[in-house]
Amino acid sequence: QVQLVESGGGLVQPGGSLMLSCAASGSFSRINAMGWYRQAPGKQRELVAAIGSGGSTNYADSVKGRFTISRVNAKNTGYLQMDVLKPDDTAVYYCNADVSTGPYTRGNYWGQGTQVTVSS
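The rules we used
- Residues numbered from 1 in each chain as written.
- Predicted model: local features only at pLDDT ≥ 70, side-chain atom pairs only at ≥ 80, totals over all residues.
- Heavy atoms only, no water.
- Pairing = 2+ DSSP bridges.
- Helix = DSSP H or I, 4+ residues; strand = E, 2+ residues; numbered from the N terminus.
- Axes fitted to C-alpha atoms, helices over the stretch in contact; angles between N-to-C directions.
- Buried < 20%, exposed > 50% of the residue type's maximum accessible area, 1.4 Å probe, protein only.
- Contact = heavy atoms within 4.5 Å.
- Phe/Tyr/Trp six-rings, centres within 6.5 Å; stacked < 30°, edge-to-face > 60°.
- Lys NZ or Arg CZ within 6 Å of the ring centre and 35° of its normal.

What follows is about the sheet that holds strand β3 (residues 18-26). Here we have 4 strands laid out as an open sheet, ordered β1-β3-β8-β7, and antiparallel in their pairing. On the outer flanks of this sheet lie β1 (2-7) and β7 (67-72), each paired with one strand and no other. Averaged over all pairs of adjacent strands, the angle between their axes in this sheet comes to 15°, without regard to strand direction. Direction of pairing for β3 relative to strand β8 (residues 77-82): antiparallel, over a ladder of 6 bridges.

Tracing the backbone shows threonine 114 in strand β11 (residues 114-118). Residue class for threonine 114 comes out buried when judged on its relative accessible area of 11%. Non-local contacts of threonine 114, meaning those with residues more than four positions away in its chain, are made with Glu6, Gly9, Leu20, Ala91, Val92 and Tyr93.

Each regular strand carries side chains that alternate between the two faces of the sheet. In this sheet, strand β5 (residues 46-51) lies alongside strand β4 (residues 30-39) in antiparallel orientation, the contact comprising 5 bridges. Its bridge partner lying in β5, tyrosine 37 is registered against leucine 47. Between β4 and β5, which pair antiparallel and follow one another directly, the connecting turn spans 6 residues, one of which, glycine 42, has a positive phi of 75°. Here β5 folds back onto strand β6 (residues 57-59) in antiparallel fashion, the turn holding 5 residues, of which glycine 55 has a positive phi close to 100°.

Each aromatic ring pair is described using two quantities: the centre-to-centre distance and the angle formed by the ring planes. With the rule as written, the count across this model stands at 2 aromatic pairs. Taken together through their ring pairs, the aromatic side chains of Tyr37, Tyr94 and Trp110 make up a single cluster. The ring of tyrosine 94 is capped by arginine 45, whose NZ or CZ atom sits 3.8 Å from the centre of that ring.

With that settled, the discussion passes to the environment of tryptophan 110. With respect to the helices and strands, tryptophan 110 occurs in strand β10 (residues 106-110). Placed 10 residues apart in sequence, tryptophan 110 and serine 120 show a C-alpha to C-alpha distance of 30 Å. Excluding its chain neighbours within four sequence positions, the residues that come into contact with tryptophan 110 are Leu4, Tyr37, Arg45, Tyr94, Cys95 and Asn96.

Below you can see the structure in the form of structure tokens.
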């Protein structure tokens, strides 16, 4: 089994910053891709940012230039630095990881989610 534990959410004023962390643990040999998704009330879950094993990244248009995704492979941890936060960024943020669990097997896992609220 693989567990993803997110941390770093909270309440922040518009224009503020937060950093989310996602720590992976359990039985896997490597983390391939990691991503951050978010789901606002009444809306579908959407991809915010993703990072591949080689460090390539992609972002939703709505967060480009404001959010930065990164990872530290030695710590099996991913991060999402969120700057210039807007009320529209309010959502539950989920970490997702695609991992190799064996020579020929892979799995996809989700964290439990962390609430980010942007409000004055």
